[in-house]
Amino acid sequence: MGGSENPKAEVVGRLVESIKEISGLPECQNVYKRMYGNLVRRVKLLSPLFEELKDSDESLNDEQLGAFESLRVALDSAMTLLKSVNQGSKLYLALQRNETVDKFQQITEKIEAALNEISYNELDISEEVQEQIELVHAQFKRAKSQSEFADLQLDVDMAVAQKEKDPDPAILKRLSEKLHLRTINDLKKESTELHELVIASDGELGDCFETISSLLRKLKDCVLTENPEVDTLESEKGSIKHRSPVIPDDFRCPISLELMKDPVIVSTGQTYERSCIQKWLDAGHRTCPKTQQTLLHTALTPNYVLKSLIALWCESNGVELPKKQGNCRTKKSGSSLSDCDRTAIKALLDKLSSNDTEQQRAAAGELRLLAKRNADNRVCIAEAGAIPLLVELLSSTDPRTQEHAVTALLNLSINESNKGTIVNAGAIPDIVDVLKNGSMEARENAAATLFSLSVLDENKVAIGAAGAIPALIKLLCEGTPRGKKDAATAIFNLSIYQGNKARAVKAGIVVPLIQFLKDAGGGMVDEALAIMAILASHHEGRIAIGQAEPIPTLVDVIRTGSPRNRENAAAVLWSLCTGDLLQLKLAKEDGAEQALQELSENGTDRAKRKAGSILELLQRMEGEDSLQNS
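Residues numbered from 1 in each chain as written. Predicted model: local features only at pLDDT ≥ 70, side-chain atom pairs only at ≥ 80, totals over all residues. Heavy atoms only, no water.

1. Observations regarding the overall build of the protein chain
Thought 1: When its secondary structure is counted, the protein chain shows 33 helices and three strands.
Thought 2: Put simply, of all contacts in the protein chain between residues at least 6 apart along the chain, 70% involve residues at least 24 apart.
Thought 3: A total accessible area of about 30,100 Å² is found for the protein chain, and carbon and sulfur atoms account for 49% of it. (Helix = DSSP H or I, 4+ residues; strand = E, 2+ residues; numbered from the N terminus. Contact = heavy atoms within 4.5 Å. Areas by Shrake-Rupley, 256 points an atom, 1.4 Å probe, with all protein chains shown as cover.)

Here it is in structure tokens:
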């Protein structure tokens, strides 16, 4: 009998521990509070069943053991989910809500299915416990079929807060409550969590980071309006503020205890005044002064959210805004002024130069974020010599490193003088190689980089000669909506150079352009017409477009399109019809005359000129036909 009791003791003991762990979890303070609380409460109610079974001498059959094992697996999954939704950035968790709600639903279904396999009548338990377990089972069954996971108000509020520049304060107030971001302390913690999330994801949050930052700024305004943390005599009655407001502790540097002017975050997530922590680092320390943890790196990340909170607090309390003490104010003659952390940038460049793939990836990701942040950083990073190192990483075998490198170069290229530095570093062939062979995100950002570089006319020739155009056309056909637009703008810009027009035509650009033109809902009509208008001025382009039989579609755009699209459609039609009697006849047959007449009266100046020229050609053709017939 002892052999038959061991499996029971093991599975029941593990279930008791799982339930105890889940019951002891801390309260959830975010958008999942209700779901989290309901799941914890229901699991907790299972405890009496397994406590009684643990003390029982009765053995379990294989079917009962299998049901309990299924329940144990489901509870392990529940534990993992509950822990994951109760830590990290609350705004990020809220943006992931659809996926997380699905996980709660799945866990609920798994637990209910496992409970459904248990035959309570066959177990050695009291009637009271049996009734309680059947009640809990009924609750899981109802939860599985009900919409307790839905929160329509939250979904609507989140959508409006993201979309609108200045949302209704009532919406932000509801979100502040639902997200448990009610105080400056809450917002500061959220800012730190966001920083840690960026580091943990190698900065690869894409548009999500911008969305969270935007929401955080809006919530910050709401919180400061609702709960200004100031020292007032009778704030509830709106009395006059004390002349010397108490500075919130979170606004003080932990080292100097003074109001922070330029708050920065170190790798442990703690925030300090830049000049204070820099002196600490310059003295050779490699630990966090507040936590004494070893710093993983010495890069200092600006805490923009806290800085704006301090600025608003100063404004609200009549305190003079602290003057920022930059670290890059004294520089050699001929060098531009910048406010950035050269020491941190140099440390990142050392990592780029290392042979450690993880260090290279992390450093490239940090530089990508810094270069995106502001113009000063773009100058500092380039002057520090980062560009040649980033160009080398374009050939990295690590996809993420390659993505970071090409995107960092894209962000650096916003600075006009950096464009030349990037090209002189031999970047164009490597960027084209990323465009051909990189991940989809890397390809899209490579296309955007080529567009940025092609602003300079001499680069248009080099980019076209490097074989970029066929790869851009491939991205135009198979990229995401953003990737297609990046490819289209690059192709348009490159095609200003006559030689690249021929390259684009030979690479088969016309067919996808016509497809975009016919798919009005695809969002690429504007780009397709702009490229066609520029290609139609080239002999080979004109022939290729004419062979694709575009006239019915062009006439339709002239009738119903936007002013700019009508103008470009007329320009393409004019190029096709000038000197080509067949195309002119096709235009007449497709009813172009009436559409052009209306355009000549109501279009843009250029559209009026093109429409008038085509109408003259049509009238001339009709006159010649009349002479021949007579």
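2. Focus: the environment of Arg-559
Thought 1: Structurally, Arg-559 can be placed in helix H29 (residues 551-560).
Thought 2: When sequence neighbours within four positions are dropped, the list of residues in contact with Arg-559 reads Asp-590, Gly-591 and Ala-595.

3. What about the sheet that holds strand E2 (residues 271-273)?
Thought 1: Strand order in the open sheet formed by three strands is E2-E1-E3, with antiparallel pairing between adjacent strands. Single-partner strands in this sheet number two, and they are E2 and strand E3 (301-302).
Thought 2: Where strand E1 (residues 263-265) and E2 come together, three bridges link them in antiparallel fashion. Bridging across to E2, Pro-263 finds its partner in Glu-273.
Thought 3: Against the sheet, helix H12 (residues 274-282) touches E1, E2 and E3, its axis set at about 95 degrees to E2. (Pairing = 2+ DSSP bridges. Axes fitted to C-alpha atoms, helices over the stretch in contact; angles between N-to-C directions.)

4. Things to note about the side chain of Glu-190
Thought 1: By the secondary structure assignment, Glu-190 is in helix H10 (residues 184-200).
Thought 2: Of the side chains bearing the opposite charge, Lys-90 lies closest to the buried Glu-190, which forms no salt bridge; the N-O distance is 6.3 Å.
Thought 3: Only 2.6 Å separates the side chain of Glu-190 from the side chain of Ser-89, close enough to count as a polar contact.
Thought 4: Leaving out residues up to four positions away in the same chain, Glu-190 has contacts with Ser-89, Lys-90, Leu-91, Tyr-92, Leu-181 and Leu-216. (Buried < 20%, exposed > 50% of the residue type's maximum accessible area, 1.4 Å probe, protein only. Lys, Arg positive; Asp, Glu negative; His and termini not counted. Salt bridge = Lys/Arg side-chain N within 4 Å of Asp/Glu carboxyl O. Polar contact = N/O pair within 3.5 Å; in protein donor to acceptor, adjacent residues only side chain to side chain.)

5. Concerning the pattern of salt bridges
Thought 1: Here the structure, examined in full by the defined rule, presents 23 salt bridges.
Thought 2: Where Arg-361 meets Asp-398, a salt bridge forms, and the shortest distance between an N and an O atom there is 3.0 Å. Taken together, the positions of Arg-361 in helix H15 (residues 357-373) and Asp-398 in the loop between helix H17 (386-393) and helix H18 (399-412) put the pair 37 residues apart, joining distant regions of the chain.
Thought 3: Close ionic contact of Arg-443 with Glu-478 constitutes a salt bridge, the shortest N to O distance being 3.0 Å. One end of the pair, Arg-443, is in helix H21 (residues 440-453); the other, Glu-478, is in helix H23 (residues 468-478), with 35 residues separating them in the sequence.
Thought 4: Connected through salt bridges with shared partners, the residues Glu-69, Arg-72 and Asp-76 form a single ionic network.

6. Some thoughts on a negative patch on the surface
Thought 1: Negative charge collects at one region of the surface, where Glu-127, Glu-128, Glu-131 and Glu-134 lie side by side.
Thought 2: Along the polypeptide, Glu-128 turns up in helix H7 (residues 127-145).
Thought 3: Residue Glu-128 is classed as exposed on the basis of its relative accessible area, which comes to 62%. (Patch = residues over 30% accessible without salt bridge, like charges linked within 9 Å, V, L, I, M, F, W, Y side chains within 5 Å. Charge placed at Lys NZ, Arg CZ, Asp CG, Glu CD.)

7. Comments concerning the environment of Tyr-497
Thought 1: In this fold, Tyr-497 is placed in the loop between helix H24 (481-494) and helix H25 (498-506).
Thought 2: Apart from residues no more than four positions distant in its own chain, Tyr-497 is found in contact with Lys-460, Val-461 and Arg-503.

8. Describing the confidence of the model for the protein chain
Thought 1: When pLDDT is averaged along the protein chain, the result is 83; 89% of the residues meet or exceed 70.
Thought 2: Scored below 50 in pLDDT, residues 1-5 shows two contacts in the model against residues more than four places distant or in partner chains. (pLDDT = per-residue confidence, 0-100.)

9. A short note on the packing of aromatic side chains
Thought 1: This model, assessed by the stated rule, comprises two aromatic pairs.
Thought 2: Ring plane angle 75 degrees and centroid distance 5.3 Å describe the contact between Phe-50 and Phe-68, whose orientation is recorded as edge-to-face. Of the two residues, Phe-50 is situated in helix H3 (residues 47-55) and Phe-68 in helix H4 (residues 62-84); the sequence distance between them amounts to 18 residues.
Thought 3: Looking at Phe-68, the relative accessible area reads 0%, which means it is buried.
Thought 4: Looking at Lys-610, its charged tip hangs above the ring of Trp-574, at a distance of 3.8 Å from the centre. (Phe/Tyr/Trp six-rings, centres within 6.5 Å; stacked < 30°, edge-to-face > 60°. Lys NZ or Arg CZ within 6 Å of the ring centre and 35° of its normal.)

10. Some remarks on the packing of helix H20 (residues 427-437) against H21
Thought 1: Where H20 meets H21, the axes come as close as 8 Å, and the angle between the chain directions of the two elements is 145 degrees. The hand of the H20/H21 crossing is left-handed. From H20, Ile-428, Ile-431, Val-432, Val-434 and Leu-435 reach across to H21, where they touch Ala-442, Arg-443, Ala-446, Ala-447, Thr-449, Leu-450 and Leu-453.
Thought 2: The residue inventory of the contact of H20 with H21, partitioned by class, reads ten nonpolar, one polar and one charged. (Left-handed = near helix turned anticlockwise from the far one by under 90°. Nonpolar A, V, L, I, M, F, W, Y, C, P; charged D, E, K, R; others polar.)

11. Things to note about the environment of Ser-84
Thought 1: Looking at the secondary structure, you find Ser-84 in helix H4.
Thought 2: By relative accessible area, Ser-84 is classed as partly exposed at 35%.
Thought 3: Between the C-alpha atom of Ser-84 and that of Thr-100, which follows or precedes it by 16 residues, the distance is 9.7 Å.

12. As for the packing of helix H14 (residues 342-353) against H15
Thought 1: Close contact between H14 and H15 brings their axes to 8 Å; oriented N to C, the two are set at 140 degrees. Comparing the axis directions of H14 and H15 gives the class oblique. Of the two possible hands of crossing, H14 and H15 adopt the one that is left-handed. Counted together, Leu-348, Leu-349, Lys-351 and Leu-352 of H14 and Gln-359, Gln-360, Ala-363, Ala-364, Glu-366, Leu-367 and Leu-370 of H15 form the full contact between these two elements.
Thought 2: Looking at the contact of H14 with H15 residue by residue, the class counts come to seven nonpolar, two polar and two charged. (Parallel < 35°, antiparallel > 145°, perpendicular 65-115°, else oblique.)

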